[in-house]
Amino acid sequence: MISKVLIANRGEIAVRIIRACRNMGIRSVAVYSREDEKSLHVQLADQRVCIGEGPARNSYLNMERIIMAAVKVGADAVHPGFGFLSENSEFVRKCEEYGLTFIGPAADVIDKMGNKSQARATMMDAGVPVVPGTKEPVYDAKAGLELAKDIGFPVMIKASSGGGGKGMRVAESADEFEFQFNIAQQESANAFGDDTMYIERFVINPRHVEIQIMADTHGNIVALGERDCSVQRNHQKLIEESPSPAIDAHTRQKMNEYAILAAKTVGYTNAGTIEFIVDPKGGFYFMEMNTRIQVEHGVTEMVTGTDLIIEQIRVAQGDVLSFTQEDVTIRGHAIECRINAEIPSKNFMPSPGVVSHMHLPAGNGVRVDTALYTGYRIPSEYDSMIAKVIVHAPDRASALRKMSSALDEMVILGVETNLDFQYQIMKHPVFAAGEADTGFVENIMKM
């Protein structure tokens, strides 16, 4: 049984995991950079270990320091949260080498699904629908051009090791393909140390819909419904909701079935997300699998009544899932808005600084996941997300009203945030009608 968990992360997800550990009677250990010495997760944990200077490469991405911290305090498990080392198979293997339980999937599964082109090939072989495109990796622009002509323009050029919108470019025609390919490949090499690319048909006006799955080590896999993540900026999600207003019951059932098939195909365990792209006619295609807990997991928790972090820990210690597929019922509607310290009018430029005053919304069906407090200095070294506002209501219209009220009540002073921008989205007729696709922010909000 797990008795002490080291959390290899920071911010609101570290706080979220600490609270889950408390609810299970498990001791928690925070690691932190010197920049985060006064962070909330450091204050709340039962133990804390400094692992280096501010930049992530010296701290939250430093495997050796994190492993040594876990050994030093006698932790028996590591929860990676999301981002940083959460999908790093080498880190998983190092945890195992030192007798630490990694709270997540096995290293070989991360390898299979972490490489996007390999994951596409695996899903093709399993019969999961994928966007038409290349099955083998592409390394050369000229060879890629010939493949793109066969696929048909426009095409999306993607980094095999990509994420967060890095290494992604659209080529509208053959004339611009090589230019866009070279830029995407260079971005991939810089961001991930990998210049392997793949090409797929660019679906115009798509929706981004993902299925949350949980799987234990006893062969049980459960789908917990979908989240619509179509509202994005620079390929990064801004708003998530469940259920999706874009799909019907039949499509939902098929997506759940394919998500379970995808997980079974690779022998998946723990929490994961199968991401699909949905075209305007309702056709859907596998896009990628995220082998970790997602930022937006709270949306699923609100509509299913589950605690996915607790379930992750239970699965990691060998327990059977606490629910079956028949137990999963989607109740009402949930929406999440990511609150970022950034300036929407300046291409969402980060806005670090000191929070001089803060007031968080509350009430029935309102949840705020954050590590903020008045006087906290938001560092410039890390991601700009500072809070997640999540609401739950009997239906989508009620959820929209509740979110608008929560955003209106929320106050964060001292730094620029996207609070007003999120409020404008809630009030926009296209979003209110459930018709926002992945181009909504750029094409309709004009940002």
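Just above, that's the structure.
Note that the coordinates shown come from a computational prediction; the quantities given were computed from them, not determined experimentally. (Residues numbered from 1 in each chain as written. Predicted model: local features only at pLDDT ≥ 70, side-chain atom pairs only at ≥ 80, totals over all residues. Heavy atoms only, no water.)

Visitor: Just checking my understanding: could you explain the environment of Arg396 for this structure?
Guide: Relative to the helices and strands, Arg396 is located in helix α12 (residues 396-409). Spatially, the C-alpha atoms of Arg396 and Lys158 are 34 Å apart, while their sequence positions differ by 238 residues. In this structure, Arg396 is in contact with Glu241, Pro245, His333, Phe431, Ala432, Ala433 and Gly434, ignoring residues within four places of it in sequence. For Arg396, the side chain forms a polar contact with the main-chain oxygen of Phe431, separated by 2.9 Å. (Helix = DSSP H or I, 4+ residues; strand = E, 2+ residues; numbered from the N terminus. Contact = heavy atoms within 4.5 Å. Polar contact = N/O pair within 3.5 Å; in protein donor to acceptor, adjacent residues only side chain to side chain.)

Visitor: I tried to follow the packing of aromatic side chains on my own but got confused; where do I start?
Guide: Any two aromatic rings considered together are summarised by their centre-to-centre distance and by the angle between their planes. Counting across every chain of the model gives 10 aromatic pairs. An angle of 20° between the planes, with centres 5.1 Å apart, marks the rings of Tyr60 and Phe84 as stacked. Remark: Phe84 occurs in the loop between β4 (77-79) and α4 (89-97) and Tyr60 occurs in the loop between β3 (47-50) and α3 (63-73); sequence separation between them is 24 residues. Under the relative-accessibility criterion, Tyr60 is labelled buried at 0%. (Phe/Tyr/Trp six-rings, centres within 6.5 Å; stacked < 30°, edge-to-face > 60°. Buried < 20%, exposed > 50% of the residue type's maximum accessible area, 1.4 Å probe, protein only.)

Visitor: Explain the environment of Met124 to me, please; I cannot follow it from the model alone.
Guide: As for its position among the elements, Met124 is in helix α6 (residues 116-126). Its relative accessible area of 25% is what places Met124 among the partly exposed residues. If near-sequence neighbours (up to four positions away) are discounted, Met124 is found in contact with Val130, Gly133, Thr134 and Lys135.

Visitor: Is there a simple way to explain the pattern of salt bridges in this structure?
Guide: Pairs may arise between side chains of opposite charge once their charged atoms sit close together. With the rule as written, the count across this model stands at 31 salt bridges. For Arg120, the salt bridge identified is with Glu200, shortest N-O distance 3.2 Å. Of this pair, Arg120 sits in helix α6 while Glu200 is found in strand β8 (residues 197-201), placing the two residues 80 residues apart along the sequence. No difference in accessibility class separates Arg120 from Glu200, as the two residues are buried. Of the charged contacts, one joins Lys149 and Glu146 as a salt bridge, the two residues approaching to 3.6 Å between their closest N and O atoms. Within this pair, Lys149 and its partner Glu146 are both found in helix α7 (residues 141-151), separated by 3 residues, close to a single helical turn. Residue classification places Glu146 among the partly exposed residues on the basis of a relative accessible area of 45%. The network of salt bridges with shared partners includes Glu12, Arg16, Glu301, Asp307, Arg367, Asp369 and Lys388. (Salt bridge = Lys/Arg side-chain N within 4 Å of Asp/Glu carboxyl O.)

Visitor: Teacher, can you tell me more about the sheet that holds strand β9 (residues 207-215) here?
Guide: Picture the strands of a sheet paired through backbone hydrogen bonds; they go either parallel or antiparallel. One open sheet accounts for 8 strands, arranged β13-β12-β9-β10-β11-β14-β21-β19; its pairing is antiparallel. Looking at strand neighbours, the two that pair on one side only are β13 (284-290) and β19 (366-370), the edges of this open sheet. For this sheet the average axis-to-axis angle between neighbouring strands, irrespective of direction, equals 25°. Pairing of strand β12 (residues 270-278) with β13 involves 6 bridges; the strand directions are antiparallel. In the sheet register, Glu275 faces β13, and the bridge partner there is Glu288. Across the sheet, helix α1 (residues 11-24) touches β19 and β21 (385-393), and the angle it forms with β19 is around 115°. Together, β10 (221-233), β11 (236-242) and β14 (333-340) form the strand contacts of helix α13 (residues 419-427), whose direction differs from that of β14 by roughly 150°. (Pairing = 2+ DSSP bridges. Axes fitted to C-alpha atoms, helices over the stretch in contact; angles between N-to-C directions.)

Visitor: When you look at the pairing of β10 in this model, what are you seeing that I'm missing?
Guide: Along any regular strand, the residues point their side chains to alternate faces of the sheet. Extensive coverage of β10 is indicated by the burial of 13 of its 13 residues. From the end of β9 to the start of β10, which pair antiparallel, there are 5 residues, and Gly219 there has a positive phi angle of about 90°. Pairing analysis gives 4 bridges linking β10 to β11, with the strands arranged antiparallel. The residue of β11 that forms the bridge with Gln232 is Lys237.

Visitor: I keep staring at the packing of α7 against helix α8 (residues 174-192) and nothing clicks. Help me out?
Guide: The relative placement of two packed helices comes down to the angle between their axes together with the axis-to-axis distance. The geometry of α7 relative to α8 is characterised by a closest axis approach of 9 Å and an angle of 135° between their N-to-C directions. Taken together, the axes of α7 and α8 are oblique relative to one another. Both α7 and α8 take part in a crossing whose hand is right-handed. Within the contact between the two elements, α7 uses Ala141, Lys142, Gly144, Leu145, Ala148 and Lys149 and α8 uses Ala174, Phe177, Glu178, Phe181 and Asn182. Residue classes in the contact of α7 with α8 are distributed as 6 nonpolar, 2 polar and 3 charged. (Parallel < 35°, antiparallel > 145°, perpendicular 65-115°, else oblique. Left-handed = near helix turned anticlockwise from the far one by under 90°. Nonpolar A, V, L, I, M, F, W, Y, C, P; charged D, E, K, R; others polar.)

Visitor: Looking at this model, I keep getting lost on the nonpolar core. Mind explaining?
Guide: Nonpolar side chains in soluble globular proteins tend to end up buried together. Counting 37 residues, the largest nonpolar core has Val231, Ile239, Ile339, Ile412, Ile425, Met426 and Phe431 as its most contacted members. At the level of secondary structure, the elements contributing two or more residues to this core comprise β11, β14, β19, β21, α12, α13 and α15 (440-444). Among residues more than four places away in sequence, those in contact with Ile339 are Ser384, Met385, Ile386, Ala387, Val389, Leu407, Met410, Ile412, Thr417, Asn418, Leu419 and Gln422. With 34 residues, the next largest nonpolar core counts Val5, Ile18, Ile103 and Phe323 among its residues. (Core = buried A, V, L, I, M, F, W, Y, C linked by side-chain atoms within 4.5 Å.)

Visitor: Explanation requested: α13 in the structure shown.
Guide: One full turn of an α-helix is made of 3.6 residues, so residues set three or four places apart face in the same direction. Buried residues of α13: Leu419, Phe421, Gln422, Ile425 and Met426, and no others. Taken down its axis, α13 places every buried residue within 165° of arc, on the same side. For α13, the exposed residues set more than 90 degrees away from the buried face come down to Asp420 and Lys427. (Arc of directions from axis to C-beta.)

Visitor: Honestly, α6 in this entry has me stumped. Any pointers?
Guide: All buried positions along α6 are accounted for by Lys116, Ser117, Ala119, Arg120, Ala121, Thr122 and Met123. Backbone geometry just downstream of α6 places Gly127 in the positive-phi region, at approximately 90°.

Visitor: Please clarify how empty space enclosed by the protein should be interpreted in this entry.
Guide: To find the voids left in a structure, one rolls a probe of water-molecule size over its atoms. Taken as a whole, this structure holds 1 cavity of 30 Å³ or more when the rule is applied. In this model, the largest cavity occupies a volume close to 60 Å³. In terms of lining, the largest cavity is formed by 13 residues, of which the most central are Arg207, Asp228, Val231, Glu241 and Phe431. Secondary structure elements with two or more residues in the lining of the largest cavity: β10 and β11. Tallied by class, the residues present in the lining of the largest cavity amount to 5 nonpolar, 2 polar and 6 charged. (1 Å grid on protein atoms, 1.4 Å probe; cavity = no way out; pocket = protein on both sides within 12 Å on 5 of 7 lines; lining within 4 Å. Points joined across faces, edges and corners; volume = space filled by probe spheres on them.)

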